[in-house]
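# Per-entry structural report
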Amino acid sequence: MAERGKLRLGVNIDHVATVRNARGGDYPDPLRAAKLAEQAGADGITAHLREDRRHISDADIEGLMDVLSVPLNFEMAATDEMQQIALRHKPHAVCIVPERREERTTEGGLEVAREENKLAHFIAPLRDAGCRVSIFIAADRRQIEAAHRIGAQVIELHTGSYCDAHAEGRFDDRDRELAALVDMAGFADDLGLEVHAGHGLNYETVKPVAAIPQVMELNIGHFLIGEAIFLGLDPAIRKMRALVDDARADQVA
Ligand code: PXP
């Protein structure tokens, strides 16, 4: 069982790069956002280098490795190209995500159970290089067991369905999705996996996930970058930090 501590907040800066790339220049700079996020209380920075480089670039990853004082969680698809990039930089953590060119965002969790051998071979060198290997998966017992068998140290539970159900007012579905996250966080923790969660979280949806005692880290991006337009990045992150800390304190109390 993972040792419980403060819930870590990882801030995903991909969409600072999305805005930058809309004009093709170098403003706004994701590295500046990452440093600001650190000062606002982020425990880590997450960046997804997609195969099509639609937001984060190779140079961004290089820059993040140079400037960050907090750990980098490098999200990537299970491709040879990404494996080589990860092995060159050796970030603190590597999160393996499914990637489809036509999707707008990472729509579902990775299919680990069907790709077990391939993924076991894929992550072994990353582990050997000292990266913590995380697998982004649905709250599904079969996928969690497979992630454990292939030697991942961490799973990140996909919270997208829970958040979508909330946004669409399907509250029974939302509560069912949350119950699955709670159950599967406990199941994964019993197997010795460290449990993270993320995708689609906002101020309305974060607290019940932050209150799951086995969840050690949340990764949040799109909402925070959007909210930065209205509040500024620093206050947007501080507000999220406070909600997360409150949920954790309530759960301990
Ligand atoms: N965790 C993982 C593994 C992701 O792929 C993403 C999206 O890139 C996030 C968390 C953050 O999701 P969002 O941007 O919706 O907060």
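The structure this text deals with has already been given above.
Residues numbered from 1 in each chain as written. Predicted model: local features only at pLDDT ≥ 70, side-chain atom pairs only at ≥ 80, totals over all residues. Heavy atoms only, no water.

### Considering the site of the ligand
Around the ligand sit 14 residues, and of these Glu 75, Glu 156, Gly 200, Gly 221 and His 222 come closest. Taking Gly 200, its main chain carries an N or O atom lying 2.8 Å from an oxygen atom of the ligand. The fraction of the free accessible surface of the ligand (400 Å²) that becomes covered by protein chains is 95%. (Near = heavy atom within 4 Å. Polar contact = N/O pair within 3.5 Å; in protein donor to acceptor, adjacent residues only side chain to side chain. Areas by Shrake-Rupley, 256 points an atom, 1.4 Å probe, with all protein chains shown as cover.)

### Focus on the packing of helix α6 (residues 141–149) against helix α8 (residues 171–190)
Closest axis-to-axis distance for the α6/α8 pair is 10 Å, and the angle between their directions is 25°. Judged on the interaxial angle alone, α8 and α6 are roughly parallel. Crossing hand, α6 versus α8: right-handed. For the pair α6 and α8, contact is made by Arg 141, Ile 144 and Glu 145 and by Met 184, Phe 187 and Ala 188, respectively. Here the contact of α6 with α8 is composed, by residue class, of 4 nonpolar, no polar and 2 charged. (Axes fitted to C-alpha atoms, helices over the stretch in contact; angles between N-to-C directions. Helix = DSSP H or I, 4+ residues; strand = E, 2+ residues; numbered from the N terminus. Parallel < 35°, antiparallel > 145°, perpendicular 65-115°, else oblique. Left-handed = near helix turned anticlockwise from the far one by under 90°. Contact = heavy atoms within 4.5 Å. Nonpolar A, V, L, I, M, F, W, Y, C, P; charged D, E, K, R; others polar.)

### Describing the layout of surface pockets
When its volume is computed, the second largest pocket comes out at roughly 370 Å³. Forming the boundary of the second largest pocket are 13 residues, of which Val 16, Tyr 27, Pro 28, Ala 33 and Leu 233 lie nearest the centre. Those elements that place two or more of their residues in the lining of the second largest pocket are α1 (14–23), α2 (30–39) and α10 (222–231). The class makeup of the residues in the lining of the second largest pocket is 10 nonpolar, 1 polar and 2 charged. (1 Å grid on protein atoms, 1.4 Å probe; cavity = no way out; pocket = protein on both sides within 12 Å on 5 of 7 lines; lining within 4 Å. Points joined across faces, edges and corners; volume = space filled by probe spheres on them.)

### Structural notes on the environment of His 166
Along the polypeptide, His 166 turns up in helix α7 (residues 160–167). Separated by 27 residues in sequence, His 166 and Leu 193 have C-alpha atoms that sit 27 Å apart. Not counting the four nearest positions on each side in its chain, His 166 is found in contact with Phe 171, Arg 174, Glu 204 and Thr 205.

### Structural notes on the packing of helix α4 (residues 80–89) against helix α5 (residues 116–128)
One way to put it is that α4 packs onto α5 with a least axis distance of 10 Å and a crossing angle of 15°. Classified by the interaxial angle, the pair formed by α4 and α5 is roughly parallel. Seen along the crossing, α4 lies across α5 with a hand that is right-handed. Note on element contacts: α5 touches α4 through His 121, Phe 122, Pro 125 and Leu 126, opposite Asp 80, Gln 83, Ala 86 and Leu 87. The class makeup of the residues in the contact of α4 with α5 is 5 nonpolar, 2 polar and 1 charged.

### What about the packing of aromatic side chains?
Aromatic rings considered in pairs are described by the distance between their centres and by the relative angle of their planes. Throughout the structure, instances matching the rule amount to 1 aromatic pair. A cation over an aromatic ring shows up here: Arg 141 above the ring of Phe 187, its NZ or CZ 4.3 Å from the ring centre. (Phe/Tyr/Trp six-rings, centres within 6.5 Å; stacked < 30°, edge-to-face > 60°. Lys NZ or Arg CZ within 6 Å of the ring centre and 35° of its normal.)

### Examining the side chain of Glu 227
Here Glu 227 is to be found in helix α10. Buried charge Glu 227 goes without a salt bridge, the closest partner of opposite sign being Lys 239 at 5.2 Å. Those residues in contact with Glu 227 that lie beyond four places of it in its chain are Tyr 203, Gly 232 and Ala 236. (Buried < 20%, exposed > 50% of the residue type's maximum accessible area, 1.4 Å probe, protein only. Lys, Arg positive; Asp, Glu negative; His and termini not counted. Salt bridge = Lys/Arg side-chain N within 4 Å of Asp/Glu carboxyl O.)

### So, the nonpolar core
Within the largest apolar cluster, 74 residues are counted, with the highest numbers of intra-cluster contacts made by Ile 45, Ile 96, Ile 135 and Leu 218. The biggest single contributor to this core is helix α11 (residues 233–252), with 7 residues. With sequence-adjacent residues up to four places away left out, Ile 96 is seen in contact with Met 76, Ala 78, Leu 110, Leu 119, Phe 122, Ile 123, Leu 126, Val 133, Ser 134, Ile 135 and Phe 136. (Core = buried A, V, L, I, M, F, W, Y, C linked by side-chain atoms within 4.5 Å.)

### As for the pattern of salt bridges
Pairing between side chains of opposite charge can happen when the charged atoms of each approach one another. A complete count under the given rule lists 19 salt bridges for this structure. Here Glu 217 and Arg 8 are joined by a salt bridge, their closest N and O atoms 3.2 Å apart. Taken together, the residues Glu 217 in strand β8 (residues 215–220) and Arg 8 in strand β1 (residues 8–12) connect sequence positions 209 residues apart. Under the relative-accessibility criterion, Glu 217 is labelled buried at 12%. For Arg 8, a relative accessible area of 30% puts it in the partly exposed group. Residue Asp 175 is joined to Arg 174 by a salt bridge in which the shortest nitrogen-to-oxygen separation is 3.0 Å. Classification of Asp 175 as partly exposed rests on a relative accessible area of 40%. Members of the salt-bridge network, linked through shared partners, are Lys 6, Asp 43, Arg 241 and Asp 245.

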